[in-house]
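Here is how the chains run, residue by residue.
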Amino acid sequence: LSLFLFLFSFCPSLSVPLSPCLSFSWCVSQTSPLFVQELRAALAFTKGDQLHESLGNLQYNDFMVKVRRYNQQLESSRRTSAGVFKECELGEWENFDCLPEDISDGCSTAIHGEELFLVSFSLSRGVFLLSTEDVTHWRSIPPPPQLCKVYELLSHNDQLYLFCTLSQDREKHLQVLQYTGVQDASPHNATKLCSTPPWIKLPNARCPVLQWCPTIFGDRNRLVIAGGWDGRNSFPLVTEYCLDAMKWVPSTRARSLKFNLPFPLQQASPVKIKGDVHLVGGQVFVDGELSSSPASITTCEIKPDQELKSRKWKTNVFPSLPTSCPGACRVFGSVVLAGGITDGKRSPDVFVSDMDRQKWLRLPSLKSAISQCSLIVFKGYLLVFGGINSHYKWMSVSQKLFLNSSLEQEV
C-alpha cells in the first residue's frame, strides 16, 4: 500500500499517465528493496518515453534475475544427478487446446491493435482473431477471394498485411493485401457479404520478383521481402514495397542491391529490438537440397534518422545460435528461441539471449520437440503454434507459458 501511495504521489509530475506503463498488480508483486530503489530513480529522473524505457529495463532486469536463477538451479541439479527440480518460478509450458482449425500445414501469427491474428497456410476456413483475456476464444474473418497460398501475416505502422499468392496469377508472384478492419465474421455468419471486404489489394500489389518462402518484415515506410527460394536455390535478394509511392522499389538499382542479405537465406524469423531488425535462423537450399541453417543472427541496424540507402547487415551482434530453425520473438527486449534442430534432431529446448553476458540461457522446455514453430507474446503469455515434429510432419498443436500479467504485447 505504501508503495502504491508513493507512486500515486508522483503521477501529477509525469507528462504521461502512469497506468498504461505500469499496472498496480505488477507494482505490488515487485517489492524487493532493490526494485523499489530502482523504480524511485526511474520515476524521479525520467519522463514520457524515457519512463517507458526505464520501466522496460526494470522488467528486463527482474526477468533475467529469474532466468539466471533458473539456470543455476538447472546446472546444480545436473551436477548432483538429482533430476530436474520441481519448483520453478518461471512456470511450465501447458497445452493450449483451443485452436480454431487444423494448422497441420503451418501457420503465421501477428498482433494488430489488441488482438492476436492467426492464419493457417492451408487457409481452409479463414483468418482467426483471439482477443479475450483468458486467451481461449477465437473469431473468424473470411479469407480473400481467389486465395491460393498464405506466406505471412505482418503488423506494421498500425496496419495488418497479408502476403499470399492468388489463383488468378499463373506464375504465383507474392501479392500484398491490407486488412480493412471489417470483423462481421462470427462462425454463424462467416460467409455473409459485407459492403466493405475484409481484405483489399494494395495498388501494384504484385511483387515483380518470384520470391517464395521469404522473410518478411516492415521498415518505416517499406514492406520488405528478404531472401527466398526459386524452387531449387535460396537467394539473398531484397525487394521492398514503398507505402508512400504505393509501388515496388526496383531491385535492380545499385542502392537496392547494397541492401541484399549477406548470404542466401529463406524462412528466417524477424525480431525487432529497439528499431533494429534481427533475422533469426532460417534455411539455405542448394540444388533442391538443404545445405545449411545459419548459426548466426543477421542484423540490420536501423536508426530513426538513417537514410534508407545507408542500411547495412551485420552477423556478429548476437552470440551464435544454440539451435537451428527455431521459432523466435522478443520478450523484455531479449530474443527468445523455441524448439529447433540440434544435432540433427528436433528439440524442445527454449533459450533467451542474455546480452549483458553475451550468452544464451535456458527457459523451461516445451512439452514436445518441434522446429519452425510460430512464437509470439500475447496478454502475458508466450504462445507457440504449430511446428514440425520428429517425424517431419507439421503439428496442429499449441502451447503456452505464463510470463507476466504486465508484459506488453511484443512481436
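Since the model is a prediction, treat every value here as computed from it, not as a measurement.

Some points on the packing of aromatic side chains
In total, this model carries 11 aromatic pairs according to the counting rule given. Where Tyr241 meets Trp248, the ring centres are 5.2 Å apart and the plane angle is 75°; that geometry is what we call edge-to-face. A relative accessible area of 0% places Tyr241 in the buried class. Among the aromatic residues, ring-to-ring pairing joins Phe96, Trp138 and Phe385 into one connected group. Directly above the aromatic system of Tyr151 lies the positively charged group of Lys149, at a separation of 5.5 Å from the ring centroid.

Details of the environment of Tyr151
With respect to the secondary-structure elements, Tyr151 resides in strand 6 (residues 147-156). A relative accessible area of 14% places Tyr151 in the buried class. A sequence separation of 63 residues divides Tyr151 from Pro214, and the C-alpha atoms of the two residues are 8.2 Å apart. Every residue in contact with Tyr151, bar those within four places of it in the chain, is listed here: Phe121, Phe163, Cys164, Thr165, Leu174, Trp212, Cys213 and Pro214.

A closer look at the sheet that holds strand 5 (residues 138-141)
With respect to topology, 4 strands assemble into an open sheet ordered 2-3-4-5, the strand pairing being antiparallel. Sheet topology places strand 2 (107-112) and strand 5 at the edges, where each strand pairs with a single neighbour. Here the strands of the sheet are splayed against their neighbours by 25° on average, with no regard to which way each runs.

Remarks on the sheet that holds strand 1 (residues 94-95)
With respect to topology, 4 strands assemble into an open sheet ordered 1-28-27-26, the strand pairing being antiparallel. Two strands close off the open sheet at either side, each with one partner strand: strand 1 and strand 26 (374-378).

Overview of the confidence of the model for the protein chain
Chain-level statistics for the protein chain give a pLDDT mean of 77 and a share of 74% at 70 or above. Mean pLDDT in the protein chain bottoms out at helix 2 (residues 24-29), which sits at 39, and peaks at strand 8 (residues 175-179), which reaches 94. Low pLDDT, under 50, characterises residues 8-53; the predicted model gives this stretch 51 contacts beyond four residues in sequence or across chains. For residues 184-194, every residue scores under 50 in pLDDT, and the model assigns this stretch 12 contacts once sequence neighbours within four places are set aside.

Here we look at the pairing of strand 21 (residues 334-338)
The buried count for strand 21 comes to 5 of 5 residues, which makes it a mostly enclosed element. Every second residue of strand 21 is oriented toward a common face, with Ser334, Val336 and Ala338 on one face and Val335 and Leu337 on the other, all of them buried. If you look at the hairpin formed by strand 20 (residues 327-331) and strand 21, you'll find 2 residues sitting between the two strands, and Phe332 has a positive phi there, around 50°. Relative to strand 24 (residues 350-354), strand 21 runs antiparallel, the two being bridged by 3 bridges. Looking at strand 24, one finds that Leu337 is bridged to Phe351.

Rules used in this analysis
- Numbers given to residues run from 1 along each chain, matching the order in which its sequence is written.
- Totals for whole chains, interfaces and linings use every residue, but because this is a predicted model, local features are given only for residues with pLDDT of at least 70 and side-chain atom pairs only at 80 or more, for both listing and counting.
- By convention in this description, side-chain values take in all heavy atoms of the structure and omit both hydrogens and water.
- A pair of aromatic rings is counted whenever rings of Phe, Tyr or Trp (Trp by its six-membered ring) have centres within 6.5 Å, and the orientation is called stacked for planes under 30 degrees apart, edge-to-face for over 60 and tilted otherwise.
- Exposure categories follow from relative accessible area, calculated using a 1.4 Å probe and restricted to protein chains: below 20% of the type maximum is buried, above 50% is exposed, and the middle band is partly exposed.
- A ring has a charge above it when a Lys NZ or an Arg CZ is no more than 6 Å from the ring centre and no more than 35 degrees off the ring normal.
- By the criteria applied, helices consist of DSSP H or I runs no shorter than four residues and strands consist of E runs no shorter than two, each listed in order from the N terminus.
- We call two residues in contact whenever any of their non-hydrogen atoms come within 4.5 Å of each other.
- Strands pair, by our definition, only if DSSP identifies at least two bridges between them.
- Every axis in this analysis is a line fitted to C-alpha atoms, fitted for helices over the stretch in contact. Angles between the N-to-C directions lie between 0 and 180 degrees.
- Predictor confidence is given residue by residue as pLDDT, running from a minimum of 0 to a maximum of 100.

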